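Single-letter residue listing:
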Amino acid sequence: MSDSRGTYERFVRPLLFSLDAETAHHLTIRLLGRASHFDPALRVLRSFQRSSKLKTLFGINFPNPVGLAAGLDKNGVALPAWAALGFGFIEIGTVTAKAQPGNAKPRIFRLPEEQALINRLGFNNDGADAIARRLAALRASGRWPAVPVGINIGKSRATPLEQATDDYLYSFRMLWDFADYITLNVSSPNTPGLRELQEPEKLSELLHAIGKEAGTARKPLLVKISPDVSAIELKAILAVCEENGVSGIIATNTTLDHSSIPPQLDQAGGLSGEPLRKKSTALVSEIATQSAIPVIASGGIFDAESAREKFQAGAQLIQLYTGFVYRGPQLLREIVDSL
Ligand SMILES: Cc1cc2nc3c(=O)[nH]c(=O)nc-3n(C[C@H](O)[C@H](O)[C@H](O)COP(=O)(O)O)c2cc1C
């Protein structure tokens, strides 16, 4: 019988999974960051690429509709490598106005039986200034990737919720020039109070303020939402997004519903992967039924079948995180081949 697992699952994953989750993550990002500045390495990564499956959405051309979800490359250190691997778009971040270390370690946990991760990273990132400098250097080097780049921004932990708008505005101003689209992340569960920004009044204030910025008219603005919103909350979010001309909704972030996780394996934080799949697909479907705003689906995509489920629910684009950690570039190939 042939082994349908790719090289990553057979050889690379066992090595990475022998390390603790965050060490494995840093090692991967460091290697891909190095590869991003080394043409022969990029050529090797490109051998994974499939032919294009073009998609145009909000005026942007995507070589394929399968993107890298926010959080894997928070600091934007490996854009050329992600593009070489064949992602149809790359979302970096979450970036906050101030550099911050995030929560105490350990803060990423693997649950292989459940095909899941739990994380409580808390937006560890280099901050908007340093990331803007890094992106400017990449652009100047001529290595800027040929695929769309989204930049996901969030609130710095030290900034009180009442001043959240200014915090987002700072990152927006620093980074929008480098972005094909900007995502406002109002749904990560690991920054206290952040999800309150999904409440209609607060979301409205944030969207109004960003809407007045010079760059907004020319670039799509997306909002990333939580899978834990009620039907009533979702309706209100959609109304506010429509009023403010939001270009797209990313559904969804990680969940705080850990009911499917055995108590002895449970950890505080956002749950992602297979246990999130159905819930996030249901939300995609709700949004697509209720609104004309395009949806980018994220949550529990592990194979061509779960990708198809998102498109059938009405998603225009999809993003991978946990599935990519478990299955590597083979997952991307399988999905793109199936389109
Ligand atoms: C370790 C980890 C870190 C993440 N960091 C971010 C982040 O910084 N910003 C964000 O918007 N989403 C973040 N996410 C959420 C993912 O982008 C994605 O929306 C979510 O995990 C659901 O997709 P998945 O089931 O394919 O992982 C993170 C997820 C994980 C597992």
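Whatever comes next refers back to the structure up there.
Considerations on the site of the ligand
Reasoning step 1: By nearness alone, 23 residues border the ligand, and Ala 70, Thr 94, Ser 298, Gly 300 and Thr 322 come closest of all.
Reasoning step 2: Contacts to the ligand include Lys 74, whose side-chain N or O atom sits 2.8 Å from an oxygen atom.
Reasoning step 3: Between the ligand and Thr 94, the relevant distance is 2.7 Å, taken from a nitrogen atom to a side-chain nitrogen or oxygen of the residue.
Reasoning step 4: Burial of the ligand by the surrounding chains reaches 98%, relative to a free accessible area of 610 Å².
Reasoning step 5: Elements with a contribution of two residues or more to the shell around the ligand: β4 (89-95), β6 (116-119) and β11 (270-273).
Reasoning step 6: Split by residue class, the shell around the ligand holds 6 nonpolar, 15 polar and 2 charged.

Digging into helix α8 (residues 231-243)
Reasoning step 1: Across its 13 residues, α8 extends 19 Å between first and last C-alpha, which sits within 8% of the 18 Å expected from 1.5 Å per residue.
Reasoning step 2: Those residues of α8 not exposed but buried are Leu 234, Ile 237, Leu 238, Val 240 and Cys 241. Down the axis of α8, the buried set is contained in an arc of 165°. They therefore lie on one face. In α8, those exposed residues whose orientation departs by more than 90 degrees from the buried face are Ile 232, Lys 235 and Glu 243.
Reasoning step 3: Of the surrounding elements, those touching the buried residues of α8 are α7 (200-211), β9 (221-225), β10 (248-251) and α9 (277-290).
Reasoning step 4: Backbone geometry just after α8 places Gly 245 at a positive phi near 65°.

Topic: the sheet that holds strand β12 (residues 295-298)
Reasoning step 1: One closed barrel accounts for 8 strands, arranged β3-β4-β7-β8-β9-β10-β12-β13; its pairing is parallel. The average angle at which neighbouring strand axes cross in this sheet is 25°, direction not considered.
Reasoning step 2: Where β4 lies against strand β7 (residues 149-153), 4 bridges are found, and the strand directions are parallel. Of the residues in β7, the one forming a bridge with Ile 90 is Val 149.

Some details on the pairing of β12
Reasoning step 1: Going residue by residue along β12, you find Val 295 and Ala 297 tucked away on one face and Ile 296 and Ser 298 tucked away on the opposite face as well.
Reasoning step 2: Bridging between β10 and β12 involves 3 bridges; their strand directions are parallel. Each residue of the ladder has a partner; that of Ile 249, found in β12, is Val 295.
Reasoning step 3: Relative to strand β13 (residues 317-320), β12 runs parallel, the two sharing 3 bridges. Among the inter-strand pairings, Ser 298 is bridged to a residue of β13, identified as Gln 319.
Reasoning step 4: Note that the unit made of β12, helix α10 (residues 304-313) and β13 has a crossover that is right-handed.

Focus: empty space enclosed by the protein
Reasoning step 1: Under the criterion given, the structure shown has 1 cavity of 30 Å³ or more.
Reasoning step 2: In this structure, the largest cavity occupies an estimated 40 Å³ of space.
Reasoning step 3: The wall of the largest cavity is formed by Phe 172, Trp 176, Ile 182, Gly 215, Thr 216, Lys 219, Pro 220 and Leu 221.
Reasoning step 4: Among the residues forming the lining of the largest cavity, the class breakdown is 5 nonpolar, 2 polar and 1 charged.

Quick word on the pattern of salt bridges
Charged atoms that come close allow side chains of opposite charge to pair.
Reasoning step 1: The full count for this structure, using the stated rule, is 17 salt bridges.
Reasoning step 2: Where Arg 134 meets Asp 126, a salt bridge forms, and the shortest distance between an N and an O atom there is 2.9 Å.
Reasoning step 3: Under the relative-accessibility criterion, Arg 134 is labelled partly exposed at 27%.
Reasoning step 4: Across the salt bridge formed by Asp 228 and Arg 195, the nearest N and O atoms sit 2.8 Å from each other. Of the two residues, Asp 228 is situated in the loop between β9 and α8 and Arg 195 in the loop between β8 (181-185) and α7; the sequence distance between them amounts to 33 residues.
Reasoning step 5: Assessed through its relative accessible area of 18%, Arg 195 is described here as buried.
Reasoning step 6: What emerges from the salt-bridge pattern is a single network uniting Arg 195, Asp 228, Asp 257 and Lys 279.

Quick notes on unusual backbone geometry
Reasoning step 1: Note the cis peptide between Gly 93 and Thr 94, where omega equals 15°.
Reasoning step 2: Counting through the fold element by element, Thr 94 comes out in strand β4.
Reasoning step 3: Even without being glycine, Gln 115 reaches a positive phi, approximately 50°.
Reasoning step 4: Summarising the element assignment, Gln 115 is placed in the loop between β5 (108-111) and β6.
Reasoning step 5: For Gln 115, a relative accessible area of 31% translates into the label partly exposed.
Reasoning step 6: Its identity is not glycine, yet Phe 123 carries a phi of approximately 55°, on the positive side.
Reasoning step 7: Looking at where Phe 123 falls in the secondary structure, it is placed in the loop between β6 and α5 (128-141).

Some details on the nonpolar core
Reasoning step 1: Among the nonpolar cores identified, the biggest contains 77 residues, and Trp 82, Ile 151 and Tyr 168 are the most heavily contacted of them.
Reasoning step 2: The greatest single-element share of this core, amounting to 6 residues, is contributed by helix α4 (residues 79-85).
Reasoning step 3: Leu 57, Ile 60, Phe 62 and Leu 222 belong to the second largest nonpolar core, which has 9 residues in total.

So, how was this worked out
- Residues numbered from 1 in each chain as written.
- Predicted model: local features only at pLDDT ≥ 70, side-chain atom pairs only at ≥ 80, totals over all residues.
- Heavy atoms only, no water.
- Near = heavy atom within 4 Å.
- Polar contact = N/O pair within 3.5 Å; in protein donor to acceptor, adjacent residues only side chain to side chain.
- Areas by Shrake-Rupley, 256 points an atom, 1.4 Å probe, with all protein chains shown as cover.
- Helix = DSSP H or I, 4+ residues; strand = E, 2+ residues; numbered from the N terminus.
- Nonpolar A, V, L, I, M, F, W, Y, C, P; charged D, E, K, R; others polar.
- Expected span 1.5 Å × (residues − 1).
- Buried < 20%, exposed > 50% of the residue type's maximum accessible area, 1.4 Å probe, protein only.
- Arc of directions from axis to C-beta.
- Contact = heavy atoms within 4.5 Å.
- Pairing = 2+ DSSP bridges.
- Axes fitted to C-alpha atoms, helices over the stretch in contact; angles between N-to-C directions.
- Right-handed = clockwise from strand over helix to strand, strands pointing away.
- 1 Å grid on protein atoms, 1.4 Å probe; cavity = no way out; pocket = protein on both sides within 12 Å on 5 of 7 lines; lining within 4 Å.
- Points joined across faces, edges and corners; volume = space filled by probe spheres on them.
- Salt bridge = Lys/Arg side-chain N within 4 Å of Asp/Glu carboxyl O.
- Core = buried A, V, L, I, M, F, W, Y, C linked by side-chain atoms within 4.5 Å.

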